[in-house]
Amino acid sequence: MLLTTNELREIEATLAERLKVDYSKYSDDFFRRRLAYVFEKMHFHRVQDLYAALGSLVSSDEISYYLAVPQTELFRAPSFWRRLIKSLADGCGKKVWLPCLTSYHELFSLAVALDLAGCDDVDVVANVLSDRTIAECRSLRVSKHDDDHNRSNFERLESAAAYDDYVVKSADGLSLRDGMLGRVTFRNGWFLNTPDEKYDVVICRDVTLAYSEKLTRQAVAKLVDSLAGPEAVLGIGVMERPLGSEERLDCSLSADGFYKLIK
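Right, let's walk through the structure included here. (Residues numbered from 1 in each chain as written. Predicted model: local features only at pLDDT ≥ 70, side-chain atom pairs only at ≥ 80, totals over all residues. Heavy atoms only, no water.)

## So, the sheet that holds strand 2 (residues 123–128)
And step 1. Overall, mixed pairing links the seven strands, which are arranged 6-2-1-7-8-10-9 in an open sheet. What marks the edges here is a single partner per strand, and that holds for strand 6 (184–188) and strand 9 (249–250).
And step 2. In the packing of helix 7 (residues 131–139) onto the sheet, the strands contacted are strand 2 and strand 6, and the crossing angle to strand 6 comes to about 165°. (Pairing = 2+ DSSP bridges. Helix = DSSP H or I, 4+ residues; strand = E, 2+ residues; numbered from the N terminus. Contact = heavy atoms within 4.5 Å. Axes fitted to C-alpha atoms, helices over the stretch in contact; angles between N-to-C directions.)

Printed below as a string of C-alpha cells:
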C-alpha cells in the first residue's frame, strides 16, 4: 500500500501514543517496509483498518509483534558467543539484559552460553514489545527450518558439549531443554522508556540498524549507561557501531560485536 508522507507521519504519531515506541525516529525505509509487512500479515487494506485494530489490546500486540524484526538463527555470529562464554566463565557478571528481544533466538542462545560457562546463578532480564514473543519463548519451541544452520553455529562455538544436549527432539518437534529459562524475567516495553538499571552484560544486536543516527546515539548511550562498571560487556551487531560512546568502550574486539566498558 502506497502511503503519503503525511499519512506516514500520522501513523508514526498514533503508534507512538498507543504502542509507546517512537517510530518517527526509525529510518523511513525500514518503517515503510515493516508497516507494509503489518498490512500484509493482518490483512489491512486501508489506514483506517490499522487505526481500528489499535483499539484492541490483542490486535495492538500483533501489530507490535509484526513491526519488530525477529532473529532467525541460534548462536548467530559464533565468535561473539565464544568470547561471551569465556567472559562469563571468568566471572564477568551476575546480571544480563536483553533490551530488545524480538524472538526466542538471542534468549535461547544466551541460556546455552550461560550453561556452557557454568553459570547457574545469573539473572536475565528481557524487554519485549509483544506478549506473543513472550509466549513463543516460554513454549521453548525451536523451528526445524533453521536446524542445520543452528547446529553449524553451535559447532563453531568449539565446545565439548553437543548441540543435542540443548536442542532436543520429541514427537512435537524441536525444543530447548527444560529448565533453561528458570532465571529469566520478561518486561514489557521499549527499552528506551525503562528506568536506568545496571547490568554486567547487555546484548542488543542489530537493533540500531533500523534507527536514524540520532536515535542510534540515544540508544547506544542508554546501553552503555546500563553497564555496571569496568569490564562489563556490551554486545551489538558486527555491522553496528557504538556511535557517540566509543571513548567509553574497549573497541579492540569490535569485529565480533564485543565491547567492554572502560569508563
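So that's the structure; there's more coming.
## Details of the packing of helix 2 (residues 28–41) against helix 4 (residues 57–67)
And step 1. Viewed as axis vectors pointing N to C, helix 2 and helix 4 meet at an angle of 130°, and their least axial separation amounts to 9 Å. The pairing of helix 2 with helix 4 is recorded here as oblique in orientation. Two packed elements cross with a definite hand, and for helix 2 against helix 4 that hand is right-handed. Side by side, helix 2 and helix 4 meet where F30, F31, R34, L35, Y37, V38 and K41 of the first sit next to I63, Y66 and L67 of the second.
And step 2. When its residues are assigned to classes, the contact of helix 2 with helix 4 shows eight nonpolar, no polar and two charged. (Parallel < 35°, antiparallel > 145°, perpendicular 65-115°, else oblique. Left-handed = near helix turned anticlockwise from the far one by under 90°. Nonpolar A, V, L, I, M, F, W, Y, C, P; charged D, E, K, R; others polar.)

## Details of the packing of helix 4 against helix 7
And step 1. Helix 7 packs onto helix 4 with a crossing angle of 70° between their chain directions and a minimal axis gap of 8 Å. In terms of their interaxial angle, helix 4 and helix 7 are classed as roughly perpendicular. Contacts from D61, E62, Y65 and Y66 in helix 4 reach D131, R132, T133 and E136 in helix 7.

## As for the packing of aromatic side chains
And step 1. Tallying each qualifying case throughout the model produces 15 aromatic pairs.
And step 2. Pairing F39 with F44 gives two aromatic rings, centres 5.6 Å apart and planes at 90°, and the pair type is edge-to-face. A single burial state applies to F39 and to F44, both of which are buried.
And step 3. Taken together, a centroid distance of 6.0 Å and an interplanar angle of 65° make the contact between F154 and Y163 edge-to-face.
And step 4. Given a relative accessible area of 3%, F154 falls into the buried group. (Phe/Tyr/Trp six-rings, centres within 6.5 Å; stacked < 30°, edge-to-face > 60°. Buried < 20%, exposed > 50% of the residue type's maximum accessible area, 1.4 Å probe, protein only.)

## Quick look at the side chain of S60
And step 1. The topology assignment puts S60 in helix 4.
And step 2. Those residues in contact with S60 that lie beyond four places of it in its chain are L19, A53 and L54.

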